[in-house]
Amino acid sequence: MFETLSDRLTSVFSSLRGKGRLSEEDINATAREIRLALLEADVALPVVREFISRIKERARGEEVSKALNPAQQVIKIVNEELVQILGGETRQVRFAKNPPTVIMLAGLQGAGKTTLAGKLAKWLSADRNTPLLVAADLQRPNAVTQLQVVGERAGTPVFAPEPGNGVGDPVEVARESIEHARRNNHNVVIIDTAGRLGVDTEMMQQAADIRDAVDPDEILFVVDAMIGQDAVNTAQAFLDGVGYDAVALTKLDGDARGGAALSIRHLTGRPIMFASTGEKLEDFDLFHPDRMASRILDMGDVLTLIEQAQRTFDEDEVEKMASTMASDDDFTLDDFLQQMSMVRKLGPIGNLLGMMPGMGQMRDQIDGIDDKDLDRIQAVIQSMTPAERANPKMINGSRRLRIANGSGTQVSDVNGLVTRFFEAQKMMRKMKSGGGMPGMPGMPGMGGGNNKKKIKAQAKKAKKGKQRSGNPMKARQQEAEREAERKRRQEEGPQQPPQLPPGLGGGGGGQPTLPPGFGGPNMPDLSNFKLPKK
Amino acid sequence: MDITLLVSLIVVVALLAVGGFFLVRTRRSVTPGKEETKPEVTGAPKEAAPEEDREREEGAVGTPPAHAPPAEDTAPPAPAEPAEPELETPPPSAGRMVRLRARLARSQSSFGQGLLTLLSAKTLDEDTWEEIEDTLITADIGVTSATQIVENLRTRVKVLGTRDTEEVRALLREELLKQLGSDTDRTVRTEPHGDRPAVIMIVGVNGTGKTTTTGKLARVLVGDGRTVVLGAADTFRAAASEQLQTWGSRVGAPVVRKDEGADPASVAFDAVARGIEDGADTVIIDTAGRLHTKTGLMDELGKVKRVVEKKSQVDEVLLVLDATTGQNGLRQARVFAEVVNVTGIALTKLDGTAKGGIIVQVQRELGVPVKLVGLGEGPDDLAPFDPEVFVDAILG
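Residues numbered from 1 in each chain as written. Chains lettered and ligands numbered in written order. Predicted model: local features only at pLDDT ≥ 70, side-chain atom pairs only at ≥ 80, totals over all residues.

Attention now moves to the nonpolar core. Counting residues in each nonpolar core, the largest one holds 186 residues, and the members touching the most others are Val134(A), Ile190(A), Ile191(A) and Ile285(B). Take this core: its biggest share by element is 8 residues, from helix α4 (residues 70-86) of chain A. Looking at which domains feed residues into this core, each of domain 1 (5-86) and domain 2 (101-292) of chain A supplies at least three. Contacts of Ile285(B), omitting those with residues within four sequence positions, involve Val199(B), Ile200(B), Met201(B), Ile202(B), Gly231(B), Ala233(B), Ala268(B), Ala271(B) and Val308(B). (Core = buried A, V, L, I, M, F, W, Y, C linked by C-beta atoms within 7 Å. Buried ≥ 20, exposed ≤ 12 C-beta atoms within 10 Å, placed from the backbone. Helix = DSSP H or I, 4+ residues; strand = E, 2+ residues; numbered from the N terminus. Domains from an automatic or database assignment. Contact = placed C-beta atoms within 7 Å.)

Below you can see the structure in the form of structure tokens.
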């Protein structure tokens, strides 16, 4: 349904491979696809137009690199441009010379201002600041109460002299809060204002009055990542109405592609400072332009995945898992069960796979994965005895029947699981022998040409499997294997230059031979890592 | 954490999961009837639930709010109105859309004007058509729908050979109406069935205005002379039930609520039970905002619905969509429709500059009609959706 840009470009370029230079037609053909991809990511139309013309210009002059096929090359250009627009200078919060530093939040209704206020307070207190939350949203019923609860959770005092629900003057509250902060030694004041529409002149005036009353050091425009084409109008209206210094993007934990970020940045020139990625107060961080670029283009986001993993897993777990993986003992169902529960903490398995680059073409399969299946697998494994789990080979017919009965499944399900488990075990064994040492013959990816054949052959195999509808199980397995093969290739990346950060595709030595669907998304990732460092 | 480790982990799980997908398919085809009972038998123990779900579950088993995870929700917008001690009698629903039409027209005229200017150009060349398409896209109608509308319009203009602005306008109106499906049933089923009240569930992602819509809807119903019971099943966001309480007390509708962190399904169940007991006409259940990507929370929503169904059938599940939502709205609608079978959409915040074009796509793809529109901050700015008035307002 939602194809990724790289998939699309791959199909555009399928007939054009091997050309020495990007021709005018190539560029035009891609331009349309890029346009569609950007529009579907909710990037505003005027921005898309301008962006496309820039891409065209750059692509025209570009030497065709030997390392990349045309699709990859265009994506690389697009990605670089995106990062450039989104990135620019990284902004830090400007603290006032004479405390308190005043930060004012403004935005549409439901953008997440109150929540963000709490997150910001928590984030600031981690750096030894003493923030004060100010409830200047006196419009929405119980917004004040909400801020108080949020403040309590964040461990931050809340200044709320007015009960809200339409009672009280927010300007007055804001003004008093500064005095209150001074008296109580708060060095940062965060003012949560009511949500308002860009077209509502009265409310905009009120926001401007608050601004004039407190003279904020930072005004943050809080915007929902799901916002559509209207982002430009709203952003402009707020810029004209109150003005703002930076943008905070919320609800990035959904699957909205967040093209609004690009539109706002491009149109107003205001940097995006914060990204809020969840419901917990900790789910808040500075904005990473490179990740956003991949997201807008709907490419994998391995970095986010890793970070998520780091947040979710504690060290003991990781260590334990690492030792299981590295030990000479065979991979057992118990290990698997444990790993599965860990992975599941990260979120739905489909989402995780989606975050991996190169998964675009597997989208259908990914969509088909239901987390309930994992529950069933778990039930099957838990119906086994410890001995069976440690040594699944001993599971014979009668045991299978017992397990099936115990877990409420069919014998064939148990069969399937056991067979697949042996596959996985084989794979793990291979990984253990090859994974630790780069360049082992078992691992693909070191030598160029050889590797290509391998992957292609595999792809063919999988295709055959797909056609052979009579044996869907095998087809699935092959697909899964192919997937695994890809993943293994990716793992290899960091090992080539061991000190590199998780730059997938690492040295790029393997790149030129990759099939586009796979290599494509990797490539920009590579540039991502390099660009910000410059 | 080592990426190698992580990746291989996910691969292994995926490998088995993809197979598991197959596993289930076979099983379903073999024993389709067994499906419902399965979860109880094989149901994964609690620790299997995804993390984000677990946090909420913790709350659900009765941890005091202080121990509840420091998580909260984004805030739905809400109208400004001083709380009054005496009960208000809101105006009835009839004629609301017309009353609000002026407001709609004001904020959207530039869109309609732009389209008409383009259409009345002397020569409708390639560029003009493209610009028309672009104008539609800026209304969040989406590339596919916009292309289709333009294609249809183009053919008809060619066939009819019309050049007249009025006629082209009529054609455009017709085309937009067709996309919106002018003949779909858009009534919100709020009629009680004999001794049982009608049950309405309000669902949606965070910050679209669910609580506000619940409150406004209650007002509409009370204005029409019904008795309403509100269920504050948003036990997650800070102060959400207080917000609903404020709405309820304004119109004298009882609000069934529990402590923060309570099981939303039990609140919903109690609300319906109370509705039956009181002989109320309608029970409206406000649920917590949840992003459609969070499986755990979506499961919870499914549970709320299932639990309510033990008491009474759910007549309406209204998905609240923010008019400013872009293409993500379609994904939201799809997931929510899968989980709780959405029967209608309430489009909120249409009073801004946004045109809410996403509803065209949602309706086209999922066939779920828009039933209500929220047009402003006033407590009575909720109206039944009328496609003709809507399209007329858009075209100015």
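Here the narrative resumes, following the displayed structure.
Before going further, it helps to spend a moment on helix α10 (residues 259-268) of chain A. Residue and element names in this part refer to chain A. Among the 10 residues that make up α10, 7 are buried, leaving the element largely enclosed by the rest of the structure. Listed as buried for α10 are Gly259, Ala260, Ala261, Leu262, Ser263, Ile264 and Arg265. Positive backbone phi, approximately 75°, marks glycine 269, located one or two places after α10.

Moving on, we come to unusual backbone geometry. Residues and elements named next belong to chain A. With omega at 5°, the peptide bond leading from proline 99 into proline 100 counts as cis. Tracing the chain through its elements places proline 100 in the loop between α4 and β1 (101-107). With a phi close to 65°, arginine 128 is a non-glycine residue in the positive phi region. As for its position among the elements, arginine 128 is in the loop between α5 (113-125) and β2 (131-136).

This part takes up the pairing of strand β5 (residues 316-322) of chain B. Residue and element names in this part refer to chain B. Counting buried residues along β5, 7 of its 7 residues qualify, which places the element largely inside the surrounding structure. When strand β1 (residues 198-203) meets β5, the two strands line up parallel, connected through 4 bridges. Its bridge partner lying in β5, valine 203 is registered against leucine 319. The sheet contact formed by β5 and strand β6 (residues 344-348) spans 5 bridges and is parallel. Looking across to β6, one finds that leucine 321 is bridged to leucine 347. (Pairing = 2+ DSSP bridges.)

This brings us to the packing of helix α12 (residues 328-340) of chain B against helix α13 (residues 358-366) of chain B. All names here are of chain B. Remark: α12 packs on α13, axes separated minimally by 9 Å, with the N-to-C direction vectors making an angle of 40°. Put simply, α12 runs oblique to α13. The crossing of α12 and α13 is right-handed. Contacts between α12 and α13 pair Gly329, Leu330, Ala333, Arg334 and Ala337 from the former with Ile358, Gln361, Val362, Glu365 and Leu366 from the latter. Tallied by class, residues from the contact of α12 with α13 come to 6 nonpolar, 2 polar and 2 charged. (Axes fitted to C-alpha atoms, helices over the stretch in contact; angles between N-to-C directions. Parallel < 35°, antiparallel > 145°, perpendicular 65-115°, else oblique. Left-handed = near helix turned anticlockwise from the far one by under 90°. Nonpolar A, V, L, I, M, F, W, Y, C, P; charged D, E, K, R; others polar.)

To continue, consider the sheet that holds strand β8 (residues 284-286) of chain A. All names here are of chain A. The mixed open sheet is built from 8 strands, whose spatial order is β3-β2-β4-β1-β5-β6-β7-β8. Single-partner strands in this sheet number two, and they are β3 (158-159) and β8. Taken together, the 5 bridges between strand β5 (residues 218-224) and strand β6 (residues 246-250) define a ladder with parallel strand orientation. Across the sheet, the residue bridging to valine 223 is leucine 249, located in β6. Across the sheet, helix α6 (residues 143-154) lies against β2, β3 and β4 (188-193), angled at about 165° from β2, the strand it touches most.

Turning our eyes to something else, we now look at the sheet that holds β6(B). All names here are of chain B. In spatial order, the strands read β3-β2-β4-β1-β5-β6-β7-β8; together these 8 strands make up an open sheet with mixed pairing. Two strands close off the open sheet at either side, each with one partner strand: β3 (255-256) and β8 (382-384). Strand contacts of helix α8 (residues 210-223): β1, β2 (228-233), β4 (282-287), β5, β6, β7 (370-374) and β8, with the helix running at about 170° to β4, the strand carrying the most contacts. Relative to the sheet, helix α10 (residues 264-278) contacts β1, β2, β3 and β4, its axis offset from that of β2 by approximately 170°.

Moving on to the environment of Leu366(B). Residues and elements named next belong to chain B. Structurally, leucine 366 can be placed in helix α13. Considering only alpha carbons, one finds leucine 366 and valine 342, 24 residues apart in sequence, at a separation of 9.6 Å. In this structure leucine 366 touches Ala333, Arg334 and Ala337, once residues within four positions along its chain are discounted.

Turning our attention to the pairing of β1(A). Residues and elements named next belong to chain A. Within β1, 7 of the 7 residues are buried, which leaves it mostly tucked inside the rest of the structure. Covered by surrounding structure in β1 are Thr101, Ile103, Leu105 and Gly107 together with Val102, Met104 and Ala106, the residues of both alternating faces. For β1 and β4, the ladder comprises 5 bridges, and the chain directions are parallel. Residue methionine 104 lies in a different strand from β4, and its bridge partner there is isoleucine 191. Alignment of β1 against β5, held across 5 bridges, turns out to be parallel. Looking at β5, one finds that glycine 107 is bridged to valine 222.

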